[in-house]
Amino acid sequence: MPLKPKAPDQLTTTARAVGRYAATRVTLVGALADLLLGLLKIITGVLGHSAALIADGIHSLSDLATDAIVLISIRLGGRAADHSHPFGHRRIETLGTLLLGFILLAVAVSLFWQNTVSLWQGQLSPTPAWPVLLVAAMSWLIKEGLFWYTIKVARAMNSALLSANAWHSRSDAFSSIVVLVGAGGAMLGFWWLDAAAALLVAVLITAISLQLLKRSLAELIDTAIPESQQQSYRQLILQTQGILAVNELRSRTSGGKVLLELKLEVSPRLSASEAHWLGMQVKQHLQQQFGEIGDILVHINSPAKTPPLVEATQNIRPALMTALNQLLRRYQLDADDVELILYYQQPIQANFLLSSKAQPLIDRLSASELLQQLHQLWPPAAQLEIRFYLKKAD
């Protein structure tokens, strides 16, 4: 039974649906936690006289906006390719990651500004009550747990957007540590600990946001994947028997998936069908071995070391076959009695496979005489390397 490779879309449809479900679930869990923690922090901050905890509660409620961005990006970016978007909608997830990076950067700048001013002016806050410490500690545990839960799903899906949201949860966990250290320090008389610790968190959030922005912008401008990763792909491609060389490998990323354009060199004597089959084998092997690869476009090349001098736009087959048919009709033969195989090299080689009906013609005329008559009918044939072969009888 002939082997028929499954199309990539058939192989990934179920996995894509499962991935979207897992991503939606982890984001909804995070959104619920942000809502409950935000309300709890604000209420406890008001009753416990902690401005830091109130600010942290407002920060947690603002995270609902980023959760909404993630949910919308997952839903829209997970759509299959259509007529208007033949390459899919993965870039929507990239845009969501970019927006999330800007939000994190804005949060970091705000924290940096507020706490720098607080340190400069030496402002004192009312001494917090002990429930503030309890809520801050609980917030750290929950947000740290959400980080590990989200990052596990993000790594399984290779999703930069979910990874960004996971690090957002971790930044919230550090914010809770800031509140914990600041409130504890204020209780011990070290009011400045709150602002100093917040500055450290601002620096950390800035580093995370810049990394997300760099990754997203690199994807939007179609930056190639690292050379070491490309080399791994080349090594696997060349393991496919029949592939002589990888003439070109172009890469980019979209929504966490690697997109490839390949130019593969095969023997010029392969049929178009066999060359296409080799290209399908390469695609299948790459997608099976490397889960991060999405779409692959394969172009088949003949050896480039002996290119024909004739312009690539010229197709000599119609004119050559017209001249040959005129020649065959002289000897009561027709187009069904010949097969033409062209090899575009220097010089261009044309092999004529004649049926057994042409046996009397071959016995009567030499190859040079046939060539001379063909040159008279179509003079450019003199620039070709032409050979006549007689097919074996069926």
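Residues numbered from 1 in each chain as written. Predicted model: local features only at pLDDT ≥ 70, side-chain atom pairs only at ≥ 80, totals over all residues. Heavy atoms only, no water.

### What about the confidence of the model for the chain?
1) Next: Averaged over all residues, the pLDDT of the chain equals 78, while 80% of them reach at least 70.
2) Next: Mean pLDDT values over the elements of the chain span from 69, in helix 2 (residues 51-77), up to 91, in helix 7 (residues 227-238).
3) Next: Confidence drops under a pLDDT of 50 for residues 1-12, and excluding neighbours within four residues, the segment shows five contacts in the predicted structure. (pLDDT = per-residue confidence, 0-100. Helix = DSSP H or I, 4+ residues; strand = E, 2+ residues; numbered from the N terminus. Contact = heavy atoms within 4.5 Å.)

### Some details on the environment of K143
1) Next: Among the secondary structure elements, K143 is positioned in helix 4 (residues 130-157).
2) Next: Overall, the relative accessible area of 1% leaves K143 in the buried class.
3) Next: Considering only alpha carbons, one finds K143 and L37, 106 residues apart in sequence, at a separation of 9.5 Å.
4) Next: Setting aside residues up to four positions removed in sequence, K143 forms contacts with D34, L37, D63, S169, D172 and A173.
5) Next: Engagement of the side chain of K143 in a polar contact is seen with the side chain of D34, the distance being 2.5 Å. (Buried < 20%, exposed > 50% of the residue type's maximum accessible area, 1.4 Å probe, protein only. Polar contact = N/O pair within 3.5 Å; in protein donor to acceptor, adjacent residues only side chain to side chain.)

### Topic: unusual backbone geometry
1) Next: The residue Q332 is not glycine, and still its phi comes out positive at about 60 degrees.
2) Next: Here Q332 is to be found in the loop between helix 9 (317-329) and strand 4 (338-343).

### Notes on the nonpolar core
The tendency in soluble globular proteins is for nonpolar side chains to be buried side by side.
1) Next: Ranked by internal contacts, the top residues of the largest apolar core, which has 27 residues, are L320, L324, F352, L374, I386 and F388.
2) Next: Among the secondary structure elements, those contributing two or more residues to this core are helix 9, strand 4, strand 5 (349-354), helix 11 (367-377) and strand 6 (385-390).
3) Next: By size, the runner-up hydrophobic cluster in this structure holds 19 residues, among which are L262, V266, L278 and I293. (Core = buried A, V, L, I, M, F, W, Y, C linked by side-chain atoms within 4.5 Å.)

### What about the pairing of strand 4?
1) Next: Alignment of strand 4 against strand 5, held across six bridges, turns out to be antiparallel. Looking across to strand 5, one finds that E339 is bridged to L353.
2) Next: Between strand 4 and strand 5, which pair antiparallel in sequence order, lie five residues. (Pairing = 2+ DSSP bridges.)

### Quick look at the sheet that holds strand 1 (residues 245-254)
1) Next: One open sheet accounts for three strands, arranged 1-2-3; its pairing is mixed. Edge strands, defined here as strands with exactly one partner in the open sheet, are strand 1 and strand 3 (293-301). The average angle at which neighbouring strand axes cross in this sheet is 15 degrees, direction not considered.
2) Next: Contacts between helix 7 and the sheet are confined to strand 1, strand 2 (257-265) and strand 3, with strand 1 contributing the most and set at about 135 degrees to the helix.
3) Next: Along the sheet face, helix 8 (residues 272-289) touches strand 2 and strand 3 and points at about 155 degrees away from the line of strand 3. (Axes fitted to C-alpha atoms, helices over the stretch in contact; angles between N-to-C directions.)

### Remarks on the side chain of Q373
1) Next: Tracing the chain through its elements places Q373 in helix 11.
2) Next: Residues contacting Q373, with those up to four places away along its chain left out, are L327, R330, Y331 and L365.

### Considerations on the packing of aromatic side chains
1) Next: In the structure shown here, the tally under the stated rule is three aromatic pairs.
2) Next: Judged by centre distance (5.0 Å) and plane angle (75 degrees), the ring pair of F147 and W148 falls under edge-to-face.
3) Next: Relative to F388, the ring of F352 lies with its centre 5.3 Å away and its plane at 25 degrees, an arrangement referred to as stacked. Here F388 lies in strand 6 and F352 lies in strand 5, a separation of 36 residues in the sequence.
4) Next: You can call F352 buried: its relative accessible area is 0%.
5) Next: R170 extends its terminal NZ or CZ atom over the ring of F147, reaching a point 3.8 Å from the ring centre. (Phe/Tyr/Trp six-rings, centres within 6.5 Å; stacked < 30°, edge-to-face > 60°. Lys NZ or Arg CZ within 6 Å of the ring centre and 35° of its normal.)

### Some words on the sheet that holds strand 6
1) Next: The strand order across the open sheet built from three strands is 4-5-6, with neighbouring strands paired in mixed fashion. Of all the strands in the sheet, just strand 4 and strand 6 have a single pairing partner and so form its edges. Taken over all neighbouring pairs, the strand axes of this sheet differ in orientation by 20 degrees on average, direction set aside.

### Points about the side chain of S176
1) Next: Structurally, S176 is set in helix 5 (residues 160-188).
2) Next: Note on S176: relative accessible area 0%, which makes it buried.
3) Next: At 2.6 Å, the side chain of S176 forms a polar contact with the side chain of S139.
4) Next: The residues contacting S176, other than those within four sequence positions of it, are K41, D56, A136, S139 and W140.

### Some words on the packing of helix 7 against helix 8
The description of two packed helices rests on the angle between their axes and on the distance between the axes.
1) Next: Packing of helix 7 against helix 8 leaves a shortest axis separation of 10 Å and a crossing angle of 135 degrees. It follows that helix 7 is oblique to helix 8 by the angle criterion. By crossing handedness, the relation of helix 7 to helix 8 is classed as right-handed. Across the interface between the two elements, Y233, L236 and I237 from helix 7 touch V282, H285, L286 and Q289 from helix 8.
2) Next: Here the contact of helix 7 with helix 8 is composed, by residue class, of five nonpolar, two polar and no charged. (Parallel < 35°, antiparallel > 145°, perpendicular 65-115°, else oblique. Left-handed = near helix turned anticlockwise from the far one by under 90°. Nonpolar A, V, L, I, M, F, W, Y, C, P; charged D, E, K, R; others polar.)

### Brief notes about a nonpolar patch on the surface
1) Next: A cluster of nonpolar residues, L32, L35, L36, L39, I43, V46 and L47, forms a patch on the protein surface that exposes about 680 Å² of accessible area.
2) Next: On the secondary structure map, V46 appears in helix 1 (residues 8-48). (Patch = residues over 30% accessible without salt bridge, like charges linked within 9 Å, V, L, I, M, F, W, Y side chains within 5 Å. Areas by Shrake-Rupley, 256 points an atom, 1.4 Å probe, with all protein chains shown as cover. Salt bridge = Lys/Arg side-chain N within 4 Å of Asp/Glu carboxyl O.)

### Brief notes about helix 8
1) Next: The terminal C-alpha atoms of helix 8 lie 26 Å apart, and with 18 residues this matches the ideal 26 Å at 1.5 Å per residue to within 8%.
2) Next: Of the residues making up helix 8, those classed as buried are A275, L278, G279, Q281, V282, K283, L286 and Q287. (Expected span 1.5 Å × (residues − 1).)

### Some details on the pattern of salt bridges
Side-chain pairs of opposite charge can arise where the charged atoms are in close proximity.
1) Next: For the coordinates displayed, the defined rule picks out seven salt bridges.
2) Next: Close ionic contact of R250 with E261 constitutes a salt bridge, the shortest N to O distance being 3.4 Å. In this pair, R250 is assigned in strand 1 and E261 in strand 2, connecting sequence segments 11 residues apart.
3) Next: Residue R250 is classed as partly exposed on the basis of its relative accessible area of 48%.
4) Next: Here D337 makes a salt bridge to K357, at a shortest N to O gap of 3.6 Å.

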